[in-house]
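Working through the structure, step by step
Residues per chain, in single letters:
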Amino acid sequence: MYTIENKIQDVYATTEKVIVDTSLESEEERTNKYLDTVLLFKEKINEIIVKFDDLNESLIVEIEDSKEKSLYIKDSLIDLLSSANKFVAVIKKNHIYPGIKSTARIFFNSVKQLKEIIQDIDLKYINIPQNEKINNLMSKIIEK
Amino acid sequence: MDYYCTSDFENSVNLLCKKPKDGYSKCRTDIKDFFHFKQFNELWNTPTKLNEIFPLRIIKTRLSNSSLNVGKSSGYRIIYLINSETHDLTFLHIFPKTGKYGVENISDKELEKLLETFLSEKSKNALIKLDMSKYA
């Protein structure tokens, strides 16, 4: 005889099974989505790293002998640095950051390198030429 | 060509090499690997040329850090003074870009101090002569 107790037990068992099944399913789904997002992010960041490193290497050569060219491109480089820093902030705030840390660090270093290149343009073409002490010291060294 | 360094440079290298856990212990080897077999012209023309008053150039260049297994961009920066008449090269300063002693860059004020040290030690014949073949 199908008593109310059996019915309760049946519904209870079914509910428990659904809870277990759905929680397992959603956990698995969540994991898959997380891994997919991590892979996609890593892929995108790696694409940017390749472009940044190529640009940085070219810039080191480009800024070597042309003051006009270096100062001309400096504003564009500052815009690029600003954009890259925004992306750095986005990466650090993202919930997947722990999963992409090693790739992100390489990108952060590429951004630091760009910042150094901009500083070098200022150092080489603005600060040092205006620094009389450095130029006097070099003249004294030559006299020695 | 002859290689020299200032006491500032030597002190920095000693500090970097002191503790292997800091990730700079192969610093001397990295310096030797970069400089030992290079010809004068290559070192004279290495970027980045920070300043030039003939026959002197101040160069800031990038070295990889084999202890941390990182390339040039995240490795060391070395500042050296090179003389195209005497073919002398003097190391003025070294700093790592990353790790415990990581530094962003050098300023013109710091460069002033490095040149003052160089001038003072050169006047006293106190620059340290380096044998690159044994530098490690």
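For the structure given in this document, a descriptive report is provided here. (Residues numbered from 1 in each chain as written. Chains lettered and ligands numbered in written order. Predicted model: local features only at pLDDT ≥ 70, side-chain atom pairs only at ≥ 80, totals over all residues.)

**Some thoughts on the overall build of chain B**
A count of helical and extended segments in chain B gives 4 helices and 6 strands. Taken against the 2.2 N^0.38 rule, which gives 14 Å for 136 residues, the C-alpha radius of gyration of chain B at 14 Å falls within 12% of a compact globule. A principal-axis box enclosing the C-alpha atoms of chain B has dimensions of 40 × 30 × 25 Å. Taking the contacts inside chain B whose residues are at least 6 apart along the sequence as the reference set, 59% of them involve residues at least 24 apart. (Helix = DSSP H or I, 4+ residues; strand = E, 2+ residues; numbered from the N terminus. Rg over C-alpha atoms; globule rule 2.2 N^0.38 Å. Contact = placed C-beta atoms within 7 Å.)

**With respect to the sheet that holds strand 2 (residues 49-53) of chain B**
With respect to topology, 6 strands assemble into an open sheet ordered 2-3-4-5-1-6 (chain B), the strand pairing being mixed. Sheet topology places strand 2 and strand 6 (128-130) of chain B at the edges, where each strand pairs with a single neighbour. The sheet shows a mean angle of 30° between the axes of neighbouring strands, taken without regard to direction. The pairing of strand 1 (residues 2-5) of chain B with strand 6 of chain B spans 3 bridges and is antiparallel. Residue Tyr3 of chain B lies in a different strand from strand 6 of chain B, and its bridge partner there is Leu130 of chain B. Strands in contact with helix 4 (residues 132-143) of chain A are strand 2 and strand 3 (56-63) of chain B; relative to strand 2 of chain B, the strand with the most contacts, it is inclined by about 55°. Sheet contacts for helix 1 (residues 7-18) of chain B: strand 1, strand 5 (88-96) and strand 6 of chain B; angle to strand 5 of chain B, the most-contacted strand, approximately 40°. (Pairing = 2+ DSSP bridges. Axes fitted to C-alpha atoms, helices over the stretch in contact; angles between N-to-C directions.)

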